[in-house]
Structures are given as structure tokens and as C-alpha cells.
Amino acid sequence: MIKLLECRGVSKRFGALMAVRNFSFSLLTGEILGLIGPNGSGKTTLFNLIAGVYVPDEGEILFKEKSITRLPPHKICRGGIAKTSQITMPFSGLTVYENILVAALYGQNLPWREARAEAERVLTLVELDKHRGELAGKIPVALRRRLELGRALATGAEVLLLDEVMAGLTPGEIEEALILLLKVKKQATLILVEHVMRAVMGISERVLVIHHGEKIAEGTPAQVAENPEVIQAYLGKRYA
Amino acid sequence: MIRRLYLLGILIIGLLIFLPLLGLEGYRLRLITLIFMWVALAGCWNLMSGFTGYIDFGPVAYFGVGAYCTSLLMIKLSLPFFLSVILAGVACAGLSIVIGLATLRLQGAYFAIATFAAAEALKQIILEGDRILGVDFFGGSHGLTLPPPPSGLFFYYAMFFFMGMVVSLNAIVPRTKFGYGLRAIREAELAAELSGVPTLRLKVRAYMMSSGLIGCLGGVEAYWLTYIIPDDVFNVMRTIQMVIMTLLGGMGTVFGPVIGASFLTLVAEFLGARFVYDYLIFVGIVIVVVILLRPQGILGKKV
């Protein structure tokens, strides 16, 4: 297995707050990596560092063994890493189809004809065909999350950083989302940030636990769930 | 329906081309030329601000620079008019890259303030440049006088040409890849960047297109009026008119600026003829009424 993505001692500080501290991990091609941690532990910041939204204060981020540390987000996206956001950011005034088309046009730099075909393929994959003509700002949350995923997929990314794709969904919708993620897995390597434990523990092959910006545990879902430090971070000292 | 609209469009274009041959002249010819200019200017503003959502509050900078470039090229180098106008447009596009790279990193009101400041600064440079450098170049507050212009008909067609170009761009751009990129920026800039859209580059490109064309229009107007002063060609009222005309007609639509500019120019003209001193009060009332009834503009889609 090759290291597809690697973080080496990455740190990010916001004023006095150390949001991510000396964080290292690597991602292997084809796996699903779960990233969990209590609220405010630095998960989203870490994603933003990888996607280029923030530049790390220290450390290096490598994609296919090349540094992407200081690249702007659109270059990182074109290189092959796409991120969905916790708070969905649809292009509200564009239709669902056009949202995905933009990602195909720019993310993969495809000519029109191929971009259209790619948008169709993704639209079918994330099961948004029926809603293609609707304005993205007017569809319900569950569909918006799928649209975020579709947009990320349409950029042709090899690594998808999925920030809480299941937040705010009903149990039935979570089930559908899990099935969708397993389909997506065939195309890309996934890192999931998720609060829905059942989902993240069920689907991830490996889990990282982050707390106060530091990595406190790493391993299979079962190993991590047993780890006293993890239990302490989530539930407090009494339960550890 | 679409077919009929096309037909109507061709009919209007044909009518506008042949109108002067049917005996349109004098005041009416001038008025229609003026409408062409404002439609073109509002359309230029729409190309940038309507599509990207970045409210440019300093387009007049390029109008003024274009007017001065054209005038100086014609006076000092005796270049022909059309060449001067095109060179002025190129100069404005170049200048807009410099200003755009600096200001387009700002968002919301900050961008508006920065562009407004840039326009005022340029006006001061041209006003005071001569005195500070001790030369006689820009003519300071006395302005510049151009060579005698051809007939009004010449400007009718010149403005018509630029208006046609701007309106066509407004119609074509949103269907291109470039246009989709701009609309994505308008709707959610960070998401656009994360989807691979090179946001800064596209914004600068849109700004260049808009500014270059505004510069050309400034050049045409300078020759039309034959006399320019900084207080007129850099007048902030011109910026405000471009903004209001576009908002009135519908921002981000193809024909919004056309309707808004025609409407406002005509209203101001007719009311101005009847109520010489206080017509602006009535123009204000008209704008308020339109905004109350259709906040998204006359042609704008309801969101």
C-alpha cells in the first residue's frame, strides 16, 4: 500500500488557541479513515489545513509524496483532494445539475461535452437525478449533503475529506448515506469526520482520535473504543 | 416564445440601425445616443458586479482614465480616434489588473470602499498631477479640449457598436465555462474555490473585461463632448448611475441593465425638461417606488 496523503507535524494556531498541534498521520490508498474527537477538538481545522483553506504554521502536508502545504485550495482540488463542508455551501442560485457541472468543469478541467457527461454520471451516483432542475438553495438538508458529496466527486478527487456528511439526518437517511459512501469508496479514498458514532465506527477501517488538536489514539474502531484516553476525552475521568 | 423574442430583438436592432436614416436628428438623436451609452455602462458594471456579486463602487475610475487616455493620445500623438479608444481600453484593462489584484482579495463592503477610494485617488492624481510635477500635461481642473468631432451620427453608431458588444457579452458570458465560474463565486466563493475554480483569476478577468470596455466608452464620450474635466469624467454620480440602473433593471440578468438604463435616462430627461430645478426629487420617488414594488429589479428573478 502506498501513502496517498501524509501529514507531518502539522500545527495551526489561532491567536492563543492551538487548534491543531504537531499532528501526523498517513492515509493509504483505498481505505476509509475515520477522524473523531469531541467538539472543538480540531477536526474541521485539520480538514481545512489539508484542503488549503488555512496554511499550517508548522509541518508539511504531502499528497502522493509531493508537498501541497502552501498551495491555494483550487490547486489542491485540481490535484485530487476535495472537501465537503459541515455547513453546506451550495451555489444556491444554480440548479443541482449546474452545481455539479461547475465542479466537473473546473475541478477536472474538462471540456464541455465531457463535463456534461461527468455531471450526469455523478448525478446518478448520488441519486439526485430527480432534483436536477431544482435550485440548490431550495432543496432539503439531506439532499444538500448529497449535493456536497456529488460536487466533491465531480472534481475527480482521489481523496475525499467528508466533514459530517451525516449530521442532521434521520436514522433512515443515515442508512442511505452509508450505502452511498460504500459506493463512493470504489472511486476514492475517504476520510470521514463524523459525530454519528455508529456510522463512523461501522464503516471506517481505521480511526484517528483527536483531542485538543492532538492525536490521542489510532487503530481499528474496536481498539480505539477500548482506549482509556479516548473514553476519558469523551466521557471524563470517572469512566476511564 | 423564445423565437418571438429573437425576432423582436432583431427588429429592434434593425430599427435602431436605420432610425437616423428615417430623419432622426438633433436632440432626439443625442438622447438615444445617451441611452446607448448608459445601457453600455450599466451592462459593463453588470458584467463584473452582477455576475460575481462583488459590488464595484469605482467603475468611474476607468471611465475617466479612458477619457483622458483617448484625449491625450489624440492631442499629443495625433493618433486617429478609433486607435486611441482601443488603446485607452487596453490601458484601462491593464490598470484594472493592478487595482483588481489588490482589491479583489477584499470582500463585501471592503471591496466597494477600496474601489471607491481608487477612483477618487485617480481623480486627484489627474487634478493635481500637473501642479505637483510642474508640467502641462493633464490640464488640471481646466481639463483638455479635443479636436473638433464629426457629426452626431458618428457617435450614434459608435455608442451603438459598444452597446451591442456589451449586451452580447452579457448574453454570452453566463453560458460559458467562465460564466459558470463567476456565478459559482457569486453564490458561494469558498465552495467555488474548493471545487477547483481559480476564484481570484476569474474575478480579475471579469474586472478587466468590464473596466476595459468602460474605458472605451469614456474615450467615445470624451470625443463626443470634445471637452473633458476631471470633475465630470470622474464624477461619482456616474458610478452611482451605473449601479442604480443595473439594480433597477435586475442585477445579473442580460436585459436588466438595458431596461434600467433606458428607463432611468428617459425618466431623468423628461422630468428634467419639465421640472428643471427639482426633477431629481421625482427621479428619487420613481426609484423608491420601483424598489418597493420589485426589490429584485424590474427583470430580476424573485429569490
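Refer to the structure printed above.
Everything in this summary refers to the structure shown in the same document.

What counts as what
Residues numbered from 1 in each chain as written. Chains lettered and ligands numbered in written order. Predicted model: local features only at pLDDT ≥ 70, side-chain atom pairs only at ≥ 80, totals over all residues. Pairing = 2+ DSSP bridges. Helix = DSSP H or I, 4+ residues; strand = E, 2+ residues; numbered from the N terminus. Axes fitted to C-alpha atoms, helices over the stretch in contact; angles between N-to-C directions. Contact = placed C-beta atoms within 7 Å. Core = buried A, V, L, I, M, F, W, Y, C linked by C-beta atoms within 7 Å. Buried ≥ 20, exposed ≤ 12 C-beta atoms within 10 Å, placed from the backbone. Nonpolar A, V, L, I, M, F, W, Y, C, P; charged D, E, K, R; others polar. Parallel < 35°, antiparallel > 145°, perpendicular 65-115°, else oblique. Right-handed = clockwise from strand over helix to strand, strands pointing away.

**Topic: the sheet that holds strand 10 (residues 214-219) of chain A**
All names here are of chain A.
- In spatial order, the strands read 6-7-8-3-9-10; together these six strands make up an open sheet with mixed pairing. Edge positions in the open sheet fall to strand 6 (81-84) and strand 10, since each of these has one partner strand only. Direction aside, the axes of adjacent strands within the sheet are offset by 20° on average.
- Against the sheet, helix 1 (residues 43-51) makes contact with strand 3 (32-36), strand 6, strand 7 (159-163), strand 8 (189-193) and strand 9 (206-211), and its axis sits at roughly 150° relative to strand 7, the strand it touches most.

**What to know about the nonpolar core**
- A:Ile81, B:Ala40, B:Leu41, B:Met159, B:Phe162, B:Leu217 and B:Val220 are the most contacted members of the largest nonpolar core, which totals 158 residues.
- Counting residues per element, this core draws most heavily on helix 2 (residues 26-52) of chain B, at 14 residues.
- Apart from residues lying up to four places away in sequence, B:Leu41 is in contact with B:Ile214, B:Leu217 and B:Met242.

**Some points on the interface of chain B and chain A**
- With 16 residues of chain B at the interface, the matching set in chain A holds 21 residues.
- Listed by contribution, the elements that provide at least two residues to the side of chain B that touches chain A are helix 7 (177-187) and helix 8 (189-194) of chain B.
- The dominant element in the side of chain B that touches chain A, judged by the number of residues it contributes, is helix 7 of chain B, at six residues.
- Residue composition of the side of chain B that touches chain A, by class: eight nonpolar, four polar and four charged.

**Some points on the pairing of strand 6 of chain A**
Residue and element names in this part refer to chain A.
- Burial along strand 6 is two-sided: the face carrying Ile81 and Lys83 and the face carrying Ala82 and Thr84 are both buried.
- The pairing of strand 6 with strand 7 spans four bridges and is parallel. Looking at the pairing, threonine 84 lines up with leucine 162 of strand 7.

**A look at the packing of helix 3 (residues 60-76) of chain B against helix 5 (residues 109-133) of chain B**
Residues and elements named next belong to chain B.
- One can describe the packing of helix 3 onto helix 5 by two numbers: an axis separation of 8 Å at closest approach and a directional angle of 25°. It follows from the interaxial angle that helix 3 and helix 5 lie roughly parallel. Contacts between helix 3 and helix 5 pair Val60, Ala61, Gly64, Val65 and Tyr68 from the former with Ala118, Ala119, Leu122, Lys123 and Ile126 from the latter.
- Residues that form the contact of helix 3 with helix 5 fall into these classes: eight nonpolar, one polar and one charged.

**Observations regarding unusual backbone geometry**
Residue and element names in this part refer to chain A.
- Here the phi dihedral of glutamate 127 falls at roughly 55°; this positive angle occurs in a residue that is not glycine.
- On the neighbour-count criterion, glutamate 127 (15 C-beta atoms within 10 Å) is partly exposed.
- A positive phi angle, near 50°, is found at histidine 212, a position not held by glycine.
- Assignment of secondary structure puts histidine 212 in the loop between strand 9 and strand 10.
- Residue histidine 212 is classed as partly exposed on the basis of its 16 C-beta neighbours within 10 Å.

**Things to note about the pairing of strand 8 of chain A**
All names here are of chain A.
- Within strand 8, five of the five residues are buried, which leaves it mostly tucked inside the rest of the structure.
- The alternating pattern of strand 8 places Thr189, Ile191 and Val193 on one face and Leu190 and Leu192 on the opposite face, and all of these are buried.
- Of the strand pairs in this sheet, strand 3 and strand 8 are connected by four bridges, and their pairing is parallel. Within strand 8, the position partnered with leucine 35 by the bridge is valine 193.
- Here strand 7 pairs with strand 8 via five bridges, running parallel. Paired with leucine 161 across the two strands is isoleucine 191, which belongs to strand 8.
- For the segment spanning strand 7, helix 6 (residues 171-184) and strand 8, crossover handedness is right-handed.

**Topic: helix 7 of chain B**
- Along helix 7 of chain B, eight of the 11 residues are buried, which leaves the element largely enclosed by surrounding structure.
- Every buried residue of helix 7 of chain B is accounted for by B:Tyr180, B:Gly181, B:Leu182, B:Arg183, B:Ala184, B:Ile185, B:Arg186 and B:Glu187.
- In this fold, the buried residues of helix 7 of chain B make contact with helix 3 (96-107) of chain A together with helix 2, helix 8 and helix 9 (199-225) of chain B.

**Quick word on the environment of A:Lys66**
- Locating A:Lys66 in the fold gives a position in strand 5 (residues 66-67).
- A:Lys66 sits 141 residues away from A:Val207 along the chain, and the two C-alpha atoms are 24 Å apart.

**Some points on the packing of helix 2 of chain B against helix 9 of chain B**
All names here are of chain B.
- One can describe the packing of helix 2 onto helix 9 by two numbers: an axis separation of 9 Å at closest approach and a directional angle of 170°. Regarding the angle of helix 2 to helix 9, the classification is roughly antiparallel. Contacts from Met37, Ala40, Leu41, Cys44, Trp45, Leu47, Met48, Phe51 and Thr52 of helix 2 reach helix 9 at Lys203, Ala206, Tyr207, Met209, Ser210, Leu213, Ile214, Leu217 and Glu221.
- Here the contact of helix 2 with helix 9 is built from residues that sort into 14 nonpolar, two polar and two charged.

None of the figures reported here should be taken as evidence of function without further support.
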